[in-house]
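# Overview (structure and organization)
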Amino acid sequence: MDRDRDRASEGRRLLSGWGRTAPTAAAVRCPESRTELEQALAAAGPRGVIGRGLGRSYGDAAQNGGGDVAVSSRLDRILSVNLEAGLVTVEAGVSLDQLMRAVAPLGYWPPVSPGTRHVTVGGAIASDVHGKGHHRDGTFGTHVPSIDLVAPGPGPLTITPEGSPDEFWATTGGMGLTGLIHRATLELLPIETSSVRVDSERTPDLDATLRVMSERDRDYRYSVAWIDCLARGSALGRSIVEFGEHARLDELPAGRRSRARALRFAPRDSLPAPPWVPSGLLNRATVAAFNELWYRKAPARREGHIVAAAQFFHPLDAVDGWNRIYGRRGFLQYQFVLPDGEEATLRKIIEELVNHRCASFLAVLKRFGPANPGPLSFPRPGWTLALDLPVSFSGVARLLDETDELVATAGGRVYLAKDSRLRPELLEVMYPELPRWRKVRERLDPDRRLQSDLLRRLPALADPTQAPARPARAGRQP
Ligand SMILES: Cc1cc2nc3c(=O)[nH]c(=O)nc-3n(C[C@H](O)[C@H](O)[C@H](O)COP(=O)(O)OP(=O)(O)OC[C@H]3O[C@@H](n4cnc5c(N)ncnc54)[C@H](O)[C@@H]3O)c2cc1C
């Protein structure tokens, strides 16, 4: 990592999330050691400090307007790899890209990878990220045997799921609000190749999509559906469903079976979005045309297609700065989960989106498996849908407010790492274990040194007296 560049980036800077919607200015520091992390906490003024990795959360979780932000870019060392135990210990600023390039040639892979590998280990723990394998492997935090945390109250701590479950699970998914993560030990998954064997199926409608995923995903480590959110009527919910497994050596073409070639992981640096792509290119017409072409092009059913891991796990990483094609005002990513049994609510939400001609370029449906004990960890068993929506799309705020109500009433929740607009009164309805989390945070940060724009927007995260009452509405309450 370029340390001179990091030093130059210290100082007052305008920061935003990946959706580029609400930038705020903060004093940036780049601590390089546990002592410097402690100093960053001690030096925080009345607006506090928050940790930040690569800024891939979509909203304001890693921003702290008027306060300090501790960016982990200098905590970028892989400290040890224990191949026998399948464990790696890293500093919090190590990115999954860096980790994959280091461990794939050794025959290992992180068990959980989100849709971009340009996230840090600290950010992946703080958001307790999930990947296409959640139904089988759970979240990122499930594979972290220990975390070195610098917490404002008690100071440096090593927290583990067995030894300190409250602190561990409050930090995993805790959105950086329990301390600054210094280091972590991670489990690794053994692989024979850095390729993925993909089976895929084109489904004609939502019922078929849900059925295919429910029936087939238990046979695969990874599964995901790319759903066409502009298709209506009898085609509502039509999708391409993909299932994946790490390819075995004997599944590769004969010429690629040497160990060195089979485990090579060297994705090219991403290409910038071409300069001729007009800012704000994505609108209903372009998205509809793209979706039609993409859906028709996919084979009805394909088995055993071998692709490079980067193509399967991180297709968007191939284009640098793709978030700019939504235009100057940015975009919202909206992701919610609905419990199993709430398929009718899922249908209703998709119908609403379609009726509003809501041009989501990316719409990803996934089935979650069991939840972990993290009070703020997002995944729970059921269906999760993630959508990108341009801010310029008229009526987006009202539409999503209504969708939030449906989600909350059904016992679901939105994902804080993607959120930038949730109404504060819904937070505790969606995260009923929030009081348990607040108690642990109170112990770890009694003077409330850790603050962020997310916390100020959703003050009930830290303070129950700040939770506005939920207006009475017709319909079933959770
Ligand atoms: C294209 C794309 C695809 C994505 N796909 C998925 C997906 O499939 N699944 C999924 O779960 N998420 C997904 N995400 C979201 C992303 O994985 C999370 O937002 C992740 O937390 C980003 O990591 P980061 O290093 O950029 O952290 P940041 O965005 O910088 O920070 C995220 C949170 O982590 C905290 N944090 C960061 N570093 C530290 C630290 N050292 N100590 C304490 N707290 C810290 C911050 O305070 C903040 O609350 C996607 C994002 C993008 C842009």
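Quick caveat, the model's predicted, so the values are computed rather than measured.

Summing up its helical and strand segments, the chain has 15 helices and 21 strands in all. Burial analysis of the chain (478 residues in total) assigns 57% to the buried set. Long-range contacts, defined as pairs at least 24 residues apart, comprise 73% of the intrachain contacts of the chain with a sequence gap of at least 6. When the accessible surface of the chain is summed, it comes to about 19,400 Å², and 52% of that surface belongs to carbon and sulfur atoms.

For the rest of this paragraph, the subject is the pairing of strand 20 (residues 382-390). In terms of residue burial, strand 20 counts as a mostly covered element, since nine of its nine residues are buried. In this structure, strand 18 (residues 331-339) lies alongside strand 20, joined through nine bridges in antiparallel fashion. Its bridge partner lying in strand 20, P339 is registered against G382. Here six bridges tie strand 19 (residues 363-368) to strand 20, and the two strands are oriented antiparallel to one another. Opposite L365, over in strand 20, you have L385 as the bridge partner.

Within a regular strand, side chains alternate between the sheet's two faces. Both strand 13 (residues 222-227) and strand 19 contribute to a ladder of two bridges, which runs antiparallel. Within strand 19, the position partnered with W226 by the bridge is V364.

Here the focus is the site of the ligand. Taken together, 34 residues are adjacent to the ligand, and G51, R56, S57, T120 and Y415 come closest. Residue I181 places a main-chain N or O atom 2.8 Å away from a nitrogen atom belonging to the ligand. Of all the elements in the fold, those that place two or more residues in the shell around the ligand are strand 3 (49-52), helix 4 (121-126) and strand 10 (180-187). Taken together, the residues that form the shell around the ligand break down as 18 nonpolar, 13 polar and three charged.

Here the chain averages 90 in pLDDT, while 89% of its residues score no lower than 70. Note that pLDDT drops below 50 for residues 1-6; the model gives that stretch 10 contacts with residues more than four away or on any other chain.

Packing of helix 11 (residues 343-355) against helix 12 (residues 396-409) leaves a shortest axis separation of 10 Å and a crossing angle of 175°. Of the possible angle classes, the one that applies to helix 11 and helix 12 is roughly antiparallel. Residues T345, K348, I349, E352 and L353 of helix 11 form the contact with helix 12, whose participating residues are L399, T403, L406 and V407. For the contact of helix 11 with helix 12, the class distribution of residues is five nonpolar, two polar and two charged.

In this fold, H135 is placed in helix 5 (residues 134-137). Using a relative accessible area of 16% as the deciding quantity, one classes H135 as buried. Within polar-contact distance, the side chain of H135 engages the backbone oxygen of D217 at 3.1 Å. Engagement of the side chain of H135 in a polar contact is seen with the side chain of K366, the distance being 3.1 Å.

Parameters and conventions
- Residues numbered from 1 in each chain as written.
- Predicted model: local features only at pLDDT ≥ 70, side-chain atom pairs only at ≥ 80, totals over all residues.
- Heavy atoms only, no water.
- Helix = DSSP H or I, 4+ residues; strand = E, 2+ residues; numbered from the N terminus.
- Buried < 20%, exposed > 50% of the residue type's maximum accessible area, 1.4 Å probe, protein only.
- Contact = heavy atoms within 4.5 Å.
- Areas by Shrake-Rupley, 256 points an atom, 1.4 Å probe, with all protein chains shown as cover.
- Pairing = 2+ DSSP bridges.
- Near = heavy atom within 4 Å.
- Polar contact = N/O pair within 3.5 Å; in protein donor to acceptor, adjacent residues only side chain to side chain.
- Nonpolar A, V, L, I, M, F, W, Y, C, P; charged D, E, K, R; others polar.
- pLDDT = per-residue confidence, 0-100.
- Axes fitted to C-alpha atoms, helices over the stretch in contact; angles between N-to-C directions.
- Parallel < 35°, antiparallel > 145°, perpendicular 65-115°, else oblique.

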